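Commentary on secondary and tertiary structure
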Amino acid sequence: MEKSEAVANENLRNGGGDGSICGYESLCQLLSSNLEPHLFEEVNRLILGLNCGKALQSVAIPEPAKALSDEHDFDLQVKLFYLIVRELQEAWMMPFAFCTREKKWCELAEPIDGESTKFLQEYARKYNMVIVSPILERDVNHGDTLWNTAIIIGNHGNIIGKHRKNHIPRVGDFNESTYYMEGNTGHPVFETAFGKIAVNICYGRHHPLNWLAFGLNGAEIVFNPSATVGELSEPMWPIEARNAAIANSYFVGSINRVGTEIFPNAFTSGDGKPQHNDFGHFYGSSYFSAPDASCTPSLSRRKDGLLITDMDLNLCRQLKDKWGFRMTARYEIYADLLARYVRPDFEPQVITDPSLNR
């Protein structure tokens, strides 16, 4: 293969050498810039769906806000789907250093009422918003145990509660159990001034029962703060949260870190590849999904952004009434199967064709 071809292929795998998609901020921007308007409208309908039978509305951005986003080079979008909840990426207060397996990063852990929480409490009070803050928690009451935790800060600056990550990945660079183990807080739903919210942290999005449990507890919006890279999970990113929103009749906010982080010491991934100093490109692409199968266009793949969405939470109940998923779910047969499956003497229900002569 020629060198130029190899570089081109590598750029395609990484979404572009600068983290873009062939120079565009997102798939939606690429399509809108290269298709005739009537074709883009139809493609957009197929990709993003319709919100209550209509295309998702964009809201005009005030010039001062637009000037600010241009000045600081971040992606700003406003969509009608106003819910004043601010959600941050996984472990937002530090580099996503769990790939290095170096213990020095434990120094960045903090208690629930630590510095980052106090910092955000002021903003929650000032702007009358609920903030979901995912941190590396140090549980000082239990021997300084570390957890991957999301703190829910109320709109009065109060700490409503916390949730610890239920599922811990052990995939390639994702050796997070070097630092913390599976959480012990169950599937809490937090009733805030703006709705009932839950937090499905990062890798938990790959587990359908995790999504289900938040829905059974009454969540209206589930946030999925993540830090995931292109080569590992990008094809799954537009699908999983959207499926969860449909199946569980709630809204989902999918938030991903963006950019490439370089660490001073090289590390390996157990995949046979040479040691390296970066985890890969965090591809951003944050978006919201609605229970009626519609979703917003994603934010940029390569730079910070702000996505504001206006949600009518009545849609959650309306979709439950329309599809009857709860009524037809037949939880009892799955409860029975799962109860048997977790037993050491479980036998799968497999009926073998007698003609196989085994």
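Up top is the structure.
As a starting point, this report considers the structure included with it. (Residues numbered from 1 in each chain as written. Predicted model: local features only at pLDDT ≥ 70, side-chain atom pairs only at ≥ 80, totals over all residues. Heavy atoms only, no water.)

On to the overall build of the protein chain, then. Check the secondary structure of the protein chain and you find 11 helices and 16 strands. Carbon and sulfur atoms make up 55% of the accessible area of the protein chain, which amounts to about 19,000 Å² in all. (Helix = DSSP H or I, 4+ residues; strand = E, 2+ residues; numbered from the N terminus. Areas by Shrake-Rupley, 256 points an atom, 1.4 Å probe, with all protein chains shown as cover.)

So, on to the nonpolar core. With 38 residues, the main nonpolar core has Ile197, Tyr250 and Phe251 as its most contacted residues. At four residues, the largest contribution of residues to this core is made by helix H8 (residues 237-248). Sequence-distant contacts of Ile197, defined by excluding residues within four places in its chain, comprise Val130, Val132, Ile152, Pro188, Val189, Phe190, Thr192, Ile221 and Phe223. Cys99, Trp105, Ile135 and Phe282 belong to the second-largest nonpolar core, a separate cluster that totals 29 residues. (Core = buried A, V, L, I, M, F, W, Y, C linked by side-chain atoms within 4.5 Å. Buried < 20%, exposed > 50% of the residue type's maximum accessible area, 1.4 Å probe, protein only. Contact = heavy atoms within 4.5 Å.)

Turning to the packing of aromatic side chains, a few remarks are in order. Centre distance and the angle of the planes are the two values used to describe a pair of aromatic rings. Summed over all chains, the structure comprises 15 aromatic pairs. Considering the side-chain rings of Phe96 and Phe279, the 6.0 Å spacing of their centres and the 20 degrees angle between planes classify their relative orientation as stacked. One end of the pair, Phe96, is in the loop between strand E3 (85-87) and helix H5 (115-127); the other, Phe279, is in strand E14 (residues 276-283), and 183 residues separate them in sequence. Ring centres of Phe223 and Phe288 lie 6.3 Å apart, and the angle between their planes is 85 degrees; this geometry places the pair in the edge-to-face category. One end of the pair, Phe223, is in strand E11 (residues 221-226); the other, Phe288, is in strand E15 (residues 287-289), and 65 residues separate them in sequence. (Phe/Tyr/Trp six-rings, centres within 6.5 Å; stacked < 30°, edge-to-face > 60°.)

Attention now goes to helix H4 (residues 63-72). Summarising burial for H4: one of the 10 residues are buried, a small minority. Residue Asp73 follows H4 closely and has a positive phi angle near 55 degrees.

The next subject is a nonpolar patch on the surface. Together, Leu27, Leu46 and Ile47 make up an exposed nonpolar region whose accessible area comes to about 280 Å². With respect to the secondary-structure elements, Leu46 resides in helix H3 (residues 37-48). (Patch = residues over 30% accessible without salt bridge, like charges linked within 9 Å, V, L, I, M, F, W, Y side chains within 5 Å. Salt bridge = Lys/Arg side-chain N within 4 Å of Asp/Glu carboxyl O.)

Our next topic: the pairing of strand E10 (residues 195-199). Counting buried positions over the five residues of E10 gives four, a clear majority of the element. Here three bridges tie strand E9 (residues 190-192) to E10, and the two strands are oriented antiparallel to one another. Note on E10: the bridge partner recorded for Thr192 is Gly195. Turn length for the E9-E10 hairpin, with the two strands adjacent in sequence and antiparallel, is two residues. Bridge analysis of E10 against E11 gives three bridges, and the strand direction is parallel. Within the sheet, the bridge partner assigned to Ile197 lies in E11 and is Ile221. Each parallel crossover has a hand, and for E10 linked through helix H6 (residues 208-216) to E11 it is right-handed. (Pairing = 2+ DSSP bridges. Right-handed = clockwise from strand over helix to strand, strands pointing away.)

The residue Asp304 is located in the loop between E15 and strand E16 (305-310) in this model. Asp304 sits in the exposed class, given a relative accessible area of 51%. Sequence-distant contacts of Asp304, that is, excluding residues within four places in its chain, are made with Asp73, Phe74, Asp75 and Val258.

This paragraph deals with the side chain of Thr117. Considering the arrangement of structural elements, one finds Thr117 in helix H5. Sequence-distant contacts of Thr117, that is, excluding residues within four places in its chain, are made with Glu110, Ile112, Ile151, Ile153 and Ile159.

Let's shift gears to the pattern of salt bridges. Close approach of charged atoms allows side chains of opposite charge to pair. Using the criterion set out here, one finds 16 salt bridges in the structure. When the shortest N-O distance is used, the salt bridge between Glu137 and Arg164 registers 2.8 Å. Pair noted here: Glu137 is in strand E4 (residues 130-139) and Arg164 is in strand E6 (residues 159-164), with a separation of 27 residues, a long-range link. Neither Glu137 nor Arg164 differs from the other in exposure class; each is buried.

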